[in-house]
There are 4 protein chains.
Amino acid sequence: MSGSTLGTLFCVTNFGESHGPAIGCVIDGCPPGMALDAADIQHDLDRRRPGTSRHVTQRNEPDAVEILSGVYEGRTTGTPIALLIRNQDQRSKDYGDIALRFRPGHADYTYWHKYGLRDPRGGGRSSARLTAPTVAAGSVAKKWLREKFGTQLRACMTQLGELPIPFEGWEHVAQNPFFAPVADVARYEAYMDELRKAHDSCGARIRVQASGVPVGLGAPLYDKLDADIAYAMMGLNAVKGVEIGDGFASVAQRGSVHGDALMPQGFASNHAGGMLGGLSTGQDIEVSLAIKPTSSILTPRPSIDIHGEPVEVSTRGRHDPCVGIRAAPIAEALLALVLMDHALLHRAQCADVRQAVGPIPGNMD
Amino acid sequence: MSGSTLGTLFCVTNFGESHGPAIGCVIDGCPPGMALDAADIQHDLDRRRPGTSRHVTQRNEPDAVEILSGVYEGRTTGTPIALLIRNQDQRSKDYGDIALRFRPGHADYTYWHKYGLRDPRGGGRSSARLTAPTVAAGSVAKKWLREKFGTQLRACMTQLGELPIPFEGWEHVAQNPFFAPVADVARYEAYMDELRKAHDSCGARIRVQASGVPVGLGAPLYDKLDADIAYAMMGLNAVKGVEIGDGFASVAQRGSVHGDALMPQGFASNHAGGMLGGLSTGQDIEVSLAIKPTSSILTPRPSIDIHGEPVEVSTRGRHDPCVGIRAAPIAEALLALVLMDHALLHRAQCADVRQAVGPIPGNMD
Amino acid sequence: MSGSTLGTLFCVTNFGESHGPAIGCVIDGCPPGMALDAADIQHDLDRRRPGTSRHVTQRNEPDAVEILSGVYEGRTTGTPIALLIRNQDQRSKDYGDIALRFRPGHADYTYWHKYGLRDPRGGGRSSARLTAPTVAAGSVAKKWLREKFGTQLRACMTQLGELPIPFEGWEHVAQNPFFAPVADVARYEAYMDELRKAHDSCGARIRVQASGVPVGLGAPLYDKLDADIAYAMMGLNAVKGVEIGDGFASVAQRGSVHGDALMPQGFASNHAGGMLGGLSTGQDIEVSLAIKPTSSILTPRPSIDIHGEPVEVSTRGRHDPCVGIRAAPIAEALLALVLMDHALLHRAQCADVRQAVGPIPGNMD
Amino acid sequence: MSGSTLGTLFCVTNFGESHGPAIGCVIDGCPPGMALDAADIQHDLDRRRPGTSRHVTQRNEPDAVEILSGVYEGRTTGTPIALLIRNQDQRSKDYGDIALRFRPGHADYTYWHKYGLRDPRGGGRSSARLTAPTVAAGSVAKKWLREKFGTQLRACMTQLGELPIPFEGWEHVAQNPFFAPVADVARYEAYMDELRKAHDSCGARIRVQASGVPVGLGAPLYDKLDADIAYAMMGLNAVKGVEIGDGFASVAQRGSVHGDALMPQGFASNHAGGMLGGLSTGQDIEVSLAIKPTSSILTPRPSIDIHGEPVEVSTRGRHDPCVGIRAAPIAEALLALVLMDHALLHRAQCADVRQAVGPIPGNMD
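Along each chain, the written sequence defines residue order, and numbers are assigned to residues from 1. Naming scheme: in the order in which they are written, chains are lettered from A and ligands are numbered from 1. Residue-level local features of this predicted model are given only where pLDDT is at least 70; pairs of side-chain atoms are given and counted only at 80 or more, and the full residue set underlies all totals for whole chains, interfaces and linings. Derived side-chain values reflect all non-hydrogen atoms in the structure, with water molecules and hydrogen atoms excluded from consideration.

**Quick look at the overall build of chain A**
Next up, step 1: Along chain A, the regular secondary structure elements total 7 helices and 18 strands.
Next up, step 2: Each radius of gyration is computed over the set of C-alpha atoms, and the globule rule expresses the reference value as 2.2 Å times the number of residues to the power 0.38. In summary, chain A has a C-alpha radius of gyration of 21 Å against a globular reference of 21 Å for 365 residues, a match within 12%.
Next up, step 3: If you line up chain A on its principal axes, its C-alpha atoms span 70 × 50 × 40 Å.
Next up, step 4: Note on exposure labels: buried denotes an accessible area under 20% of the residue type's maximum, exposed denotes more than 50%, and partly exposed covers the range between, all computed with a 1.4 Å probe on protein chains only. Among the 365 residues that make up chain A, the fraction classed as buried is 70%.
Next up, step 5: Whether two residues touch is decided by their heavy atoms; if any such pair falls within 4.5 Å, the residues are in contact. Expressed as a percentage of contacts within chain A between residues at least 6 apart in sequence, the contacts between residues at least 24 apart total 70%.
Next up, step 6: A 1.4 Å probe and the Shrake-Rupley method give the accessible areas. Residues count as covered only by the protein chains that appear here. Counting only carbon and sulfur atoms, one obtains 50% of the accessible surface of chain A, whose full area is about 10600 Å². Think of it this way: any DSSP run of H or I at least four residues long counts as a helix, any run of E at least two long counts as a strand, and we number them from the N terminus.

**Focus: the interface of chain D and chain A**
Next up, step 1: On the side of chain A, 19 residues touch chain D, which itself brings 19 residues to the contact.
Next up, step 2: Per-residue buried area on chain D facing chain A is highest for D:Arg347, D:Ala348 and D:Gln349; these three make up 40% of the total on that side.
Next up, step 3: One side-chain nitrogen of Lys or Arg within 4 Å of one carboxyl oxygen of Asp or Glu is enough to make a salt bridge. Applying the counting criterion to the chain D and chain A interface returns 4 salt bridges.
Next up, step 4: For D:Arg347, the salt bridge identified is with A:Asp352, shortest N-O distance 3.0 Å.
Next up, step 5: Two N or O atoms count as a polar contact when they lie within 3.5 Å, although within protein this holds only if one can serve as hydrogen donor and the other as acceptor, and sequence-adjacent residues are included solely when both atoms are side-chain atoms. On the surface where chain D and chain A come into contact, there are 13 residue pairs in polar contact (both at pLDDT 80 or more).
Next up, step 6: Elements supplying a minimum of two residues to the side of chain D that touches chain A: helix H3 (131–149) and helix H7 (327–350) of chain D.
Next up, step 7: Class assignment for the residues of the side of chain D that touches chain A results in 12 nonpolar, 4 polar and 3 charged. Two parts lose some accessible area (1.4 Å probe) when they are put together, and adding that loss for both gives the buried area. Residue classes follow a fixed rule: Ala, Val, Leu, Ile, Met, Phe, Trp, Tyr, Cys and Pro count as nonpolar, while Asp, Glu, Lys and Arg count as charged, and any other residue, Gly among them, counts as polar.

**A few points about the pairing of strand E18 (residues 310–313) of chain C**
Residues and elements named next belong to chain C.
Next up, step 1: By the alternation rule, side chains of E18 split into Val311 and Val313, which are all buried, and Pro310 and Glu312, of which none is buried.
Next up, step 2: At least two bridges found by DSSP between two strands is the condition for calling them paired. Sheet topology note: the strand E17 (residues 301–304)/E18 ladder contains 4 bridges and is antiparallel. Looking across to E18, one finds that Ser303 is bridged to Val311.
Next up, step 3: In sequence, E17 turns back onto E18 through a hairpin of 5 residues, with Gly308 there showing a positive phi of about 85 degrees.

**Examining the relation of the copies chain D and chain A**
Next up, step 1: Superposition of the copies used a least-squares fit over C-alpha atoms from residues whose pLDDT is at least 70 in both. Overlaying chain D on chain A yields an RMSD of 0.0 Å, the required transformation being a rotation through 180 degrees with an accompanying axial translation of 0.0 Å. Those values place the two copies in the arrangement expected of a two-fold rotation axis. Of the C-alpha atoms belonging to chain D, the one lying closest to the rotation axis is found on D:Ala348, 2.2 Å away.

**Details of the sheet that holds strand E4 (residues 65–67) of chain B**
Residue and element names in this part refer to chain B.
Next up, step 1: Pairing is antiparallel across the open sheet formed by 5 strands, whose spatial order is E1-E2-E3-E7-E4. Either end of the sheet is taken by a strand with one partner, and the two such strands are strand E1 (5–6) and E4.
Next up, step 2: Note that E1 and strand E2 (residues 11–16) share 2 bridges and pair antiparallel. Residue pairing across strands places Leu6 opposite Val12, the latter belonging to E2.
Next up, step 3: Most of the contacts of helix H3 (residues 131–149) go to strand E3 (residues 22–28), to which it runs at about 30 degrees, and overall it touches E2, E3 and strand E7 (81–86). Angles here are taken between N-to-C directions and fall from 0 to 180 degrees, while the axes themselves are lines fitted to C-alpha atoms, restricted in helices to the stretch in contact.

**Thoughts on the relation of the copies chain B and chain A**
Next up, step 1: You can overlay chain B on chain A at an RMSD of 0.0 Å; the transform is a turn of 180 degrees with a shift of 0.0 Å along its axis.
Next up, step 2: Mapped onto chain A, 100% of the interface residues of chain B are again interface residues, and the two copies thus contact each other with one and the same surface.

**Here we look at the interface of chain B and chain A**
Next up, step 1: Across the contact, 113 residues belong to chain B and 113 residues belong to chain A.
Next up, step 2: Both sides together, the interface formed by chain B and chain A hides about 9300 Å², and carbon and sulfur atoms give 62% of it.
Next up, step 3: Taken as a group, B:Lys114, B:Tyr222 and B:Lys240 account for 10% of the area that chain B buries against chain A, more than any other trio of residues on that side.
Next up, step 4: Remark: the boundary between chain B and chain A carries 4 salt bridges.
Next up, step 5: Here A:Arg254 ties to B:Glu194 by a salt bridge, and the two come within 3.6 Å at their closest N and O atoms.
Next up, step 6: The interface formed by chain B and chain A includes 39 residue pairs in polar contact (both at pLDDT 80 or more).
Next up, step 7: In terms of residue count, helix H2 (residues 108–115) of chain B provides more of the side of chain B that touches chain A than any other element does, 7 residues in total.
Next up, step 8: For the side of chain B that touches chain A, the residue count by class is 56 nonpolar, 41 polar and 16 charged.
Next up, step 9: Strand direction decides the pairing type here: strand E11 (residues 239–244) of chain A and strand E11 (residues 239–244) of chain B, joined by 3 bridges, are antiparallel. Its bridge partner being in E11(B), A:Gly241 is matched across the sheet by B:Glu243.

**Concerning the pairing of strand E11 (residues 239–244) of chain C**
Successive residues of a regular strand alternate their side chains across the two faces of the sheet.
Residue and element names in this part refer to chain C.
Next up, step 1: Burial analysis of E11 places 6 of its 6 residues in the buried class, which makes it a mostly covered element.
Next up, step 2: Where E11 and strand E16 (residues 285–291) come together, 5 bridges link them in antiparallel fashion. By the bridge assignment for E16, Ile244 is matched with Val287.

**Concerning helix H2 (residues 108–115) of chain A**
Next up, step 1: By the criterion of burial, H2(A) is predominantly enclosed, with 8 of the 8 residues buried.
Next up, step 2: Buried residues of H2(A): A:Asp108, A:Tyr109, A:Thr110, A:Tyr111, A:Trp112, A:His113, A:Lys114 and A:Tyr115, and no others.
Next up, step 3: Summarising the contacts, the buried residues of H2(A) are in contact with strand E12 (262–263), strand E13 (266–267), strand E14 (275–276), strand E15 (279–280) and helix H7 (327–350) of chain B.
Next up, step 4: Residue A:Gly116 follows H2(A) closely and has a positive phi angle near 80 degrees.

**Some details on the packing of helix H5 (residues 225–234) of chain C against helix H5 (residues 225–234) of chain D**
Next up, step 1: Remark: H5(C) packs on H5(D), axes separated minimally by 7 Å, with the N-to-C direction vectors making an angle of 160 degrees. Taken together, H5(C) and H5(D) sit at an angle that is classed as roughly antiparallel. Of the two possible hands of crossing, H5(C) and H5(D) adopt the one that is right-handed. Two secondary-structure elements touch here, H5(C) through C:Asp226, C:Ala227, C:Asp228, C:Ala230, C:Tyr231 and C:Met234 and H5(D) through D:Asp226, D:Ala227, D:Asp228, D:Ala230, D:Tyr231 and D:Met234.
Next up, step 2: For the contact of H5(C) with H5(D), the residue count by class is 8 nonpolar, no polar and 4 charged. Relative orientations are named as follows: roughly parallel for angles under 35 degrees, roughly antiparallel for angles over 145 degrees, roughly perpendicular for angles from 65 to 115 degrees, and oblique for any other angle. A clockwise turn of the near helix away from the far one marks a right-handed crossing, whereas an anticlockwise turn of less than a right angle marks a left-handed crossing.

**Observations concerning the sheet that holds strand E7 (residues 81–86) of chain C**
Residues and elements named next belong to chain C.
Next up, step 1: Taken in spatial order, the 5 strands line up as E1-E2-E3-E7-E4 in an open sheet, and their pairing is antiparallel. Both edges of this open sheet fall to strand E1 (5–6) and strand E4 (65–67), since each of them pairs with a single strand only.
Next up, step 2: Helix H3 (residues 131–149) contacts strand E2 (11–16), strand E3 (22–28) and E7 of the sheet and is inclined by roughly 35 degrees relative to E3.

**Describing the pattern of salt bridges**
All names here are of chain A.
Next up, step 1: Evaluated as defined, the whole model comprises 92 salt bridges over all chains.
Next up, step 2: Notably, a salt bridge pairs Lys143 with Asp40, separated by 3.9 Å at the nearest N-O pair. With Lys143 in helix H3 (residues 131–149) and Asp40 in helix H1 (residues 38–48), this pair connects stretches of sequence that are 103 residues apart.
Next up, step 3: Exposure remark for Lys143: the relative accessible area of 8% places this residue in the buried category.
Next up, step 4: When its relative accessible area of 28% is taken as the criterion, Asp40 is described as partly exposed.
Next up, step 5: Close ionic contact of Arg54 with Asp193 constitutes a salt bridge, the shortest N to O distance being 2.8 Å. On the criterion of sequence distance, the pair formed by Arg54 in the loop between H1 and strand E4 (65–67) and Asp193 in helix H4 (residues 186–197) is long-range, its members being 139 residues apart.

**A few points about the environment of B:Gly33**
Next up, step 1: Considering the arrangement of structural elements, one finds B:Gly33 in the loop between E3 and helix H1 (38–48).
Next up, step 2: Put simply, B:Gly33 and B:Arg75 are 42 residues apart on the chain and 5.3 Å apart in space, counted from C-alpha to C-alpha.
Next up, step 3: If near-sequence neighbours (up to four positions away) are discounted, B:Gly33 is found in contact with B:Arg75, B:Thr76 and D:Leu117.

**Description of H5(D)**
Next up, step 1: The buried fraction of H5(D) is high, at 10 of 10 residues.
Next up, step 2: What H5(D) keeps buried is the set D:Leu225, D:Asp226, D:Ala227, D:Asp228, D:Ile229, D:Ala230, D:Tyr231, D:Ala232, D:Met233 and D:Met234.

**A closer look at the environment of B:Leu9**
Next up, step 1: Inspection of the secondary structure puts B:Leu9 in the loop between E1 and E2.
Next up, step 2: Exposure remark for B:Leu9: the relative accessible area of 4% places this residue in the buried category.
Next up, step 3: Put simply, B:Leu9 and B:His172 are 163 residues apart on the chain and 35 Å apart in space, counted from C-alpha to C-alpha.
Next up, step 4: Contact partners of B:Leu9, with chain neighbours within four places excluded, come to B:Asp28, B:Gly29, B:Asp341, B:Leu344, B:Leu345, C:Leu9, C:Leu345, C:Ala348 and D:Ser2.

**Thoughts on the environment of C:Gln159**
Next up, step 1: Mapped onto the secondary structure, C:Gln159 falls in strand E8 (residues 152–160).
Next up, step 2: When residues no more than four places from it in sequence are discounted, the contact partners of C:Gln159 are C:Pro164, C:Ile165, C:Gly203, C:Ala204, C:Arg205, D:Val251 and D:Ala252.
Next up, step 3: Side-chain polar atoms of C:Gln159 contact the backbone oxygen of C:Gly161, separated by 2.9 Å.

Note that all results are geometric; they support no functional claim without further evidence.
What follows is the structure, given as structure tokens:
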């Protein structure tokens with residue numbers, strides 16, 4: 001398959017550019033008979049939408065989704081679901097001065113060399129705007145997983161630039177523009193205000209969790225559940241690192257500590273992050289992402305133009321000073337898409353499996 | 001595709017179990033006309049082979065590879081290359097006591113629930129032994145990349161348990177059993193000896209690098225080069241984290257620091273790790289892996305059996321107290337496989353691209 | 001991959017229903033830099049369009065295509081090309097009486113049993129209307145093949161119901177509504193008029209040809225060029241048979257006759273239809289299709305309803321009395337899509353191949 | 001995926017050359033828990049085996065299969081099943097004189113131009129010998145389909161060269177070397193004897209049938225069940241045509257005749273061959289194949305060598321004068337592989353479908 005499709009059975013093919021007529025996706029392989037309308041999808045799109053606080057890009061996009069196919073009388077038919085989002089607020093003139101020069105840390109340089117031409121308007125295909133169709137598709141997967149298994153997807157920010165964010169509770173996440181699991185975000189607002197004044201940008205760390213995941217999703221190799229999650233997450237714009245469970249902290253752990261003990265009531269801990277041997281354990285799936293600082297900043301940087309001549313580049317346009325701020329709903333969507341795909345793959349191969357004996361323990365709470 | 005194949009055009013399908021008759025793989029899509037014989041492959045297999053020092057499993061496997069197809073008079077024909085490695089030293093009795101109980105941190109539990117049965121001999125399909133065919137396939141990819149682009153793959157250990165390993169130079173890596181880039185490994189040998197006595201295991205951190213990579217490999221989304229690398233690496237047994245370039249350190253960096261400046265002579269730094277917007281920049285590709293401690297240890301751990309009853313598990317058998325020790329050649333192979341696949345994908349789509357103007361800068365040395 | 005995508009590298013994902021808001025497709029993997037605008041695509045859509053003669057359905061659809069992505073300043077960018085065709089003339093009330101009963105020879109019955117529900121309006125997903133996006137995608141492939149290799153795609157009708165159509169010349173095909181290679185179609189018009197009066201339908205036989213195809217496209221097995229052509233053609237609505245070259249006539253031929261002799265100037269004949277061993281020979285590719293009679297007819301037929309009760313079914317609505325009439329441009333498109341995909345696959349693997357010696361003979365004319 | 005893999009979920013990757021060390025395949029995605037041993041596979045291999053009558057090649061190959069992986073204590077584990085068949089009787093000197101010249105009607109010419117080199121021994125990869133691994137894999141699929149749904153696969157020869165073979169009954173097929181459904185094959189033996197004396201070869205027509213197929217397997221487009229069957233069959237060596245149900249005879253049928261009436265007890269006829277709208281109807285699946293005459297014959301034919309110089313070619317070696325004779329078990333295997341794959345795909349997407357009402361009629365007998 002060419003590169004714009006995610007999934008083997010629940011397949012999402014993404015299309016569009018930041019300042020083209022429209023963006024969207026085609027979801028192929030959705031089970032039939034599920035109730036679905038645009039409102040089911042719009043909710044997550046609104047969480048990701050630009051222009052909702054002063055800390056994100058001020059581009060004004062309603063991101064209204066239209067279902068073009070695959071739904072009849074409010075139910076999925078099992079045929080492809082095409083989703084369309086028209087672009088509304090394109091100010092392409094903002095980008096004219098960077099058509100011939102490469103922003104440091106940006107895809108300008110690599111697109112130019114790969115394709116020989118590029119759509120420079122708003123970053124074209126490399127824009128974070130292209131995560132909107134992913135979020136839309138993720139909503140369909142989330143709904144199916146919730147109705148079928150009771151699976152819940154959640155994400156929050158755990159670090160903003162240099163500032164670690166303590167975990168106070170999931171209930172705070174929807175109450176602030178940072179998707180931060182804390183009651184008071186004044187400190188993070190001040191940090192972002194200072195950053196904007198400095199004409200600079202910062203990174204973020206995001207935690208994603210799925211609870212209520214059936215045991216046994218995944219494959220021994222190469223398509224481990226962890227591998228496909230890593231693929232999906234590293235495919236999100238600006239991600240530079242992915243961890244499952246204890247991640248890099250596992251390096252310094254002993255086996256006698258890291259290996260989660262099993263008890264009749266369930267696992268005693270979750271260092272593994274919900275996966276063993278490439279398969280889900282039934283515990284919460286825990287994933288962490290590192291998101292780099294936005295490359296489009298006002299601070300002038302040394303670079304070259306398409307002729308190889310030295311130039312200085314500073315990016316005006318409208319950009320997120322921290323792309324990580326809106327990453328939480330996107331990471332949820334990506335995790336949902338991978339789990340949905342593996343749930344279908346699993347029942348294709350193993351629908352007839354009956355374990356000889358024994359209960360299936362989940363998390364111990 | 002079912003889960004045991006890696007790659008879209010240069011496809012490796014892996015088969016086998018730790019104590020079955022044989023392990024191996026089929027490589028489909030190799031370009032024709034490349035000189036290839038078993039010795040080209042054996043070299044890397046020998047680097048990964050068990051039993052080469054007291055710090056790894058004492059299982060005695062020659063890992064001799066037989067080329068069954070796809071090579072005629074010493075050259076690849078373009079048809080599938082099947083590689084076969086017979087298993088020799090199976091002591092399956094070592095494992096009899098764990099057939100009905102689940103090792104904490106091991107795939108026993110998840111395999112049992114997914115498939116309803118499992119091959120418990122030596123971990124069956126979940127054994128690190130199954131990385132041997134990956135290494136064999138990687139040797140073919142490395143050879144092609146080297147001959148075509150001069151690409152060089154290298155890997156080393158950068159942390160052993162709690163001990164960070166300083167980087168003194170690539171020349172040391174082949175000289176010691178840890179793949180450590182240092183002249184003196186006495187400290188790490190002592191650490192491992194202590195660990196074995198404690199009947200415990202530890203994790204490791206591995207760095208993988210590719211130099212001489214063409215610019216433009218990858219796709220904007222979802223099949224970014226970084227995404228496919230993350231997939232391949234997270235698919236390696238025991239890996240819990242993957243970083244590209246500065247990885248998780250990027251979170252606390254400013255955009256004015258992280259974005260690598262471009263100069264007529266090349267990039268001024270490599271925070272990006274050789275990829276921007278999902279495409280290779282032509283700089284060195286830099287990847288880091290977190291490998292968890294081995295789950296099979298002699299220290300008794302609480303667990304349950306297949307009836308859900310509480311039991312104690314301690315694993316005899318022959319195991320690597322640190323599976324990370326032999327991970328370096330495997331990580332090289334995985335990176336080579338991903339690069340090879342993307343090199344073929346790239347020329348399929350973009351073989352006619354001629355950039356308007358301008359040189360292609362590489363690393364500044 | 002789920003079932004709505006055709007191709008491995010040049011991938012077309014089709015979406016839509018006959019009476020939904022829109023139909024369309026996403027083309028992924030198109031090489032960058034090719035000049036492309038909507039007019040390039042509209043021409044073939046107009047050839048397939050309904051309502052252009054009294055012998056086809058009178059549904060009035062302009063089939064105007066909108067390019068949503070993948071083209072910038074008139075050139076393909078290498079990113080997904082999304083094509084959108086809004087449905088205009090839906091008279092869904094025509095179909096109300098068949099929502100609960102199954103038309104003999106129609107997909108009603110199988111969709112109902114597979115999905116548990118179906119969109120009955122105009123046949124929903126099973127409508128021949130869904131060939132429009134295929135034709136649109138085919139236009140992009142045709143343009144690339146023509147510019148790159150000089151490949152020409154042509155199709156004509158060679159039998160209408162019981163009437164074989166002699167081959168007088170390709171120049172007649174565009175001049176009549178039957179895509180018939182003859183100057184005078186009065187006989188076929190009379191046949192169709194009689195058929196309509198009889199409230200019945202008939203089948204057709206279509207010939208498709210590609211000339212100017214490079215030698216060596218395809219794979220030894222399983223993805224032979226012939227296999228992928230057969231897949232694409234048998235996937236066209238109502239097709240019940242596919243032949244390559246002499247097809248079923250080969251059964252009664254001797255090897256001394258069938259095997260096309262090679263001469264320094266080229267092949268002396270083309271019984272093979274342009275393929276040997278799954279690979280293109282450089283000769284004209286020749287394919288024949290059998291298209292069954294339309295199942296939606298006014299003549300009442302015995303059937304059952306969704307409760308299993310006997311009913312009589314006669315279909316009003318607007319239908320093609322011979323779906324084969326509009327099949328010629330669709331068959332061209334399908335052949336172009338397969339050739340384009342294999343051209344990209346071929347250069348991915350074999351771009352470095354240099355034959356030792358010797359010319360490449362084509363057709364002898 | 002590269003070209004040597006058949007199937008999306010039940011994937012068969014084929015490897016080997018006629019005179020290399022071994023041929024075989026890897027089956028990935030087999031459901032776990034099915035009883036399987038080598039004898040289950042050997043039976044079909046023996047039906048396809050060369051040297052069993054004077055009418056087929058006299059090459060002496062036991063075709064003994066070894067299961068290398070994926071089976072533990074007599075049951076499939078859900079992991080890849082690798083099957084190995086060692087080549088025994090290679091007389092490569094027989095082929096020396098054709099290494100530099102191209103047999104008319106053979107893959108010599110196209111392989112040479114695609115790959116720049118080829119393994120000429122016994123036809124290398126293009127040999128019909130490579131159908132053995134397909135037959136082996138098909139046995140696994142047949143067993144699962146039989147145990148799960150009661151599906152039965154059968155094939156017979158319906159025409160030998162110019163001689164149509166009447167259908168007297170399936171019970172005769174196993175009793176004669178032609179897989180002919182007649183009691184007395186004296187006429188066909190005489191025909192073959194005459195052909196051998198004439199140093200020539202002939203084609204054949206094969207009928208394949210599956211009964212006991214569940215309703216609803218397939219997809220609307222492009223991956224119709226008919227499309228995937230056509231792909232698989234046209235991928236068999238020497239096949240030049242594929243028909244589903246009435247095939248090319250449908251062209252001259254009226255819709256009022258072709259459309260199979262539905263009755264409460266089942267379908268009244270089976271012109272469709274068991275598929276409507278790309279999905280199985282639950283009726284018998286009926287497929288017909290045209291197989292061309294063998295290209296390797298003793299009669300001298302004009303050709304060219306690799307330098308483009310005119311030569312005469314006559315092929316000694318050991319060849320089937322009619323490759324169609326051994327095609328019946330291969331065609332069964334291919335149909336089984338496609339049905340198995342679609343059975344898994346179907347339950348992945350539609351496992352939760354409950355039809356509102358109504359029985360599922362099958363064939364009316």
